[in-house]
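Survey of secondary and tertiary structure
Here is how the chains run, residue by residue.
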Amino acid sequence: LLVLLCHGLPVRAAGLIRWGLLLSASLEIAYRIAQHWQVDPLWYGVTPDPRAVWPGGSCLTPRYLGAMAAMVAPLAPGWLLPWLALGVGLSWSYLAMAALLVGLLVRWPGHRLCILTVGALGAWLIAQHRQVVTASAAARIDLWRLASLDLTAWPAWLVGHGPGSWASRMALAACPCPPAEVFVQAHNDLVQWVYEMGAIGAALLA
């Protein structure tokens, strides 16, 4: 929507949108750095608080913050790129790093050697600091299994539990919660659709 608006708006208005996106991402990165030191103004105030343990800015996860920084980076002037690249690096996301590289290569193809070198360094740093966690995948599969059992009752198997029911039912199904994550989305569109819409919904989708 923002891209389409930029094509239909005066140059000044398009510039305001551009700088608004860059400012927003830059502030999110600063917020994420503050959270590293357990300072979270939105939730816990401006003094360090031990409850501030999830450094993702105001985004839900650090991965989202990395994606945001990567997406707006091609809009940035060169002097702002190191700050946005730092935001991508602090997300420890390989996908955000790849998106950043693609965007910068499209914007500045003449600097491909420098961009690829910095990207390789960034990927190496992510590999050194990021741990591979398999508990998340296991938790999702276990929740899908619980959803299949919850769907066997009549009339749920026919019409499902209704739109939005995954968040209201399945997020609580695994509680008391195990050490792994509990998700308010199925992280699988087909599973969630069938759970919420049943056999009728599956037939319509097919």
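The structure we're discussing is the one just above.
A brief look at the structure comes next. What you see is a predicted model, and the numbers here were worked out from it, not measured in a lab.

Moving on: the overall build of the protein chain. Of regular secondary structure, the protein chain possesses eleven helices and zero strands. Listing each helix as α and each strand as β along the protein chain from the N terminus yields α-α-α-α-α-α-α-α-α-α-α. A burial count over the protein chain gives 32% of its 206 residues as buried. Taking all contacts inside the protein chain whose residues are at least 6 apart in sequence as the whole, residues at least 24 apart take part in 58%. Accessible surface, the protein chain as shown: approximately 13,000 Å² in total, 72% of it carbon and sulfur.

Below, the discussion takes up the side chain of Glu 28. Along the chain, the position of Glu 28 falls in helix H2 (residues 11–36). Although Glu 28 lies buried, it forms no salt bridge, and the closest oppositely charged side chain, Arg 32, sits 9.8 Å away as judged by the N-O distance. Among residues more than four places away in sequence, those in contact with Glu 28 are Gly 56, Gly 57, Ser 58, Cys 59, Leu 65 and Met 68.

A few words now on the packing of helix H4 (residues 62–72) against helix H6 (residues 94–107). Packing of H4 against H6 leaves a shortest axis separation of 8 Å and a crossing angle of 5°. As judged from the angle between their axes, H4 and H6 are roughly parallel. Seen from H4, the contacting residues are Gly 66, Ala 67 and Ala 70; seen from H6, they are Ala 96, Ala 99 and Leu 100. Of the residues in the contact of H4 with H6, the class split is five nonpolar, one polar and no charged.

To continue, consider unusual backbone geometry. Residue Pro 155 is bonded to the preceding Trp 154 through a cis peptide linkage, with omega at 0°. Within the element layout of this structure, Pro 155 appears in the loop between helix H8 (135–150) and helix H9 (156–159). One non-glycine residue, Trp 92, adopts positive backbone phi at about 55°. Looking at the element boundaries, Trp 92 is found in the loop between helix H5 (81–90) and H6. Under the relative-accessibility criterion, Trp 92 is labelled partly exposed at 26%. Look at His 187: it is not a glycine, yet its phi comes out positive at around 60°. Counting through the fold element by element, His 187 comes out in the loop between helix H10 (165–173) and helix H11 (189–205).

Turning to its location among the elements, Ser 91 is positioned in the loop between H5 and H6. Those residues in contact with Ser 91 that lie beyond four places of it in its chain are Pro 62, Arg 63, Gly 66 and Ala 96.

A surface patch of nonpolar side chains, amounting to about 300 Å² of accessible area, comprises Leu 1, Leu 5 and Leu 9. Locating Leu 9 in the fold gives a position in the loop between helix H1 (2–8) and H2.

Attention shifts here to the packing of H5 against H6. A pair of packed helices is characterised by two quantities: the angle between their axes and the separation of those axes. Where H5 meets H6, the closest approach of the two axes is 9 Å, and the angle between their N-to-C directions is 155°. Classified by the angle their axes make, H5 and H6 are roughly antiparallel. Contacts from Leu 81, Ala 85 and Val 88 in H5 reach Ala 96, Met 97, Leu 100 and Leu 104 in H6. Grouping the amino acids of the contact of H5 with H6 by side-chain chemistry returns seven nonpolar, no polar and no charged.

As a further point, take the nonpolar core. Within the largest apolar cluster, 19 residues are counted, with the highest numbers of intra-cluster contacts made by Leu 22, Ala 73, Ala 76, Leu 84, Val 88, Leu 100 and Leu 104. Mapped onto this core, the elements with two or more residues apiece are H2, H4, H5, H6 and helix H7 (112–129). With five residues, the single largest contributor to this core is H6. The residues contacting Leu 84, other than those within four sequence positions of it, are Leu 22, Ala 25, Ser 26, Ile 29, Ala 69, Val 72, Ala 73 and Ala 76. By size, the runner-up hydrophobic cluster in this structure holds ten residues, among which are Ala 147, Leu 151, Ala 156 and Tyr 195.

Thresholds, definitions, all that
Residues numbered from 1 in each chain as written. Predicted model: local features only at pLDDT ≥ 70, side-chain atom pairs only at ≥ 80, totals over all residues. Heavy atoms only, no water. Helix = DSSP H or I, 4+ residues; strand = E, 2+ residues; numbered from the N terminus. Buried < 20%, exposed > 50% of the residue type's maximum accessible area, 1.4 Å probe, protein only. Contact = heavy atoms within 4.5 Å. Areas by Shrake-Rupley, 256 points an atom, 1.4 Å probe, with all protein chains shown as cover. Lys, Arg positive; Asp, Glu negative; His and termini not counted. Salt bridge = Lys/Arg side-chain N within 4 Å of Asp/Glu carboxyl O. Axes fitted to C-alpha atoms, helices over the stretch in contact; angles between N-to-C directions. Parallel < 35°, antiparallel > 145°, perpendicular 65-115°, else oblique. Nonpolar A, V, L, I, M, F, W, Y, C, P; charged D, E, K, R; others polar. Patch = residues over 30% accessible without salt bridge, like charges linked within 9 Å, V, L, I, M, F, W, Y side chains within 5 Å. Core = buried A, V, L, I, M, F, W, Y, C linked by side-chain atoms within 4.5 Å.

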